[in-house]
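Summary of the model geometry
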Amino acid sequence: MFNSMTQPMYIKGDYQLIAKYNRFDESVEIGDLNNPSDGWVTYDPTQGASSDELTEICNSLYDRCLLAELGVEGFTPADQHKLTKI
């Protein structure tokens, strides 16, 4: 259900979250790796999450998804990184 090679992730303590940009809806969706049956939830930073800590985490995932979608270097999905030998 979740492709961890293309989306930003946050794994620390009780939180194991993954995020993706939904191009069809032009929204960021967040999934809980501890409860994959819950599926993807659309995240709205103007509404926040259920706690200040979770809001901060989700805001970071949201920003990282948007930067990756815009093609900002350093924020591209892992499967699009190009490794070069120096």
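Details of the structure are given in the entry above.
1. Things to note about the pattern of salt bridges
For the coordinates displayed, the defined rule picks out two salt bridges. With a shortest N-O distance of 3.6 Å, glutamate 29 and lysine 20 are connected by a salt bridge. One salt bridge connects glutamate 69 with arginine 23, and the closest N-O pair in it is separated by 2.8 Å. Of this pair, glutamate 69 sits in helix H1 (residues 52-70) while arginine 23 is found in the loop between strand S2 (15-22) and strand S3 (27-32), placing the two residues 46 residues apart along the sequence.

2. What about the environment of isoleucine 18?
Within the secondary structure, isoleucine 18 sits in strand S2. For isoleucine 18, a relative accessible area of 0% corresponds to the buried category. When the C-alpha positions of isoleucine 18 and leucine 33 are compared, they lie 6.9 Å apart, and in sequence the two are 15 residues distant.

3. Things to note about the packing of aromatic side chains
Across all of its chains, the model carries one aromatic pair by this definition. Centroid distance tyrosine 43 to tyrosine 62: 6.1 Å. Interplanar angle 65 degrees. Geometry classified as edge-to-face. Taken together, the residues tyrosine 43 in strand S4 (residues 40-43) and tyrosine 62 in helix H1 connect sequence positions 19 residues apart. For the pair shown, tyrosine 43 and tyrosine 62 are each scored as buried.

The rules behind these values
- Residues numbered from 1 in each chain as written.
- Predicted model: local features only at pLDDT ≥ 70, side-chain atom pairs only at ≥ 80, totals over all residues.
- Heavy atoms only, no water.
- Salt bridge = Lys/Arg side-chain N within 4 Å of Asp/Glu carboxyl O.
- Helix = DSSP H or I, 4+ residues; strand = E, 2+ residues; numbered from the N terminus.
- Buried < 20%, exposed > 50% of the residue type's maximum accessible area, 1.4 Å probe, protein only.
- Phe/Tyr/Trp six-rings, centres within 6.5 Å; stacked < 30°, edge-to-face > 60°.

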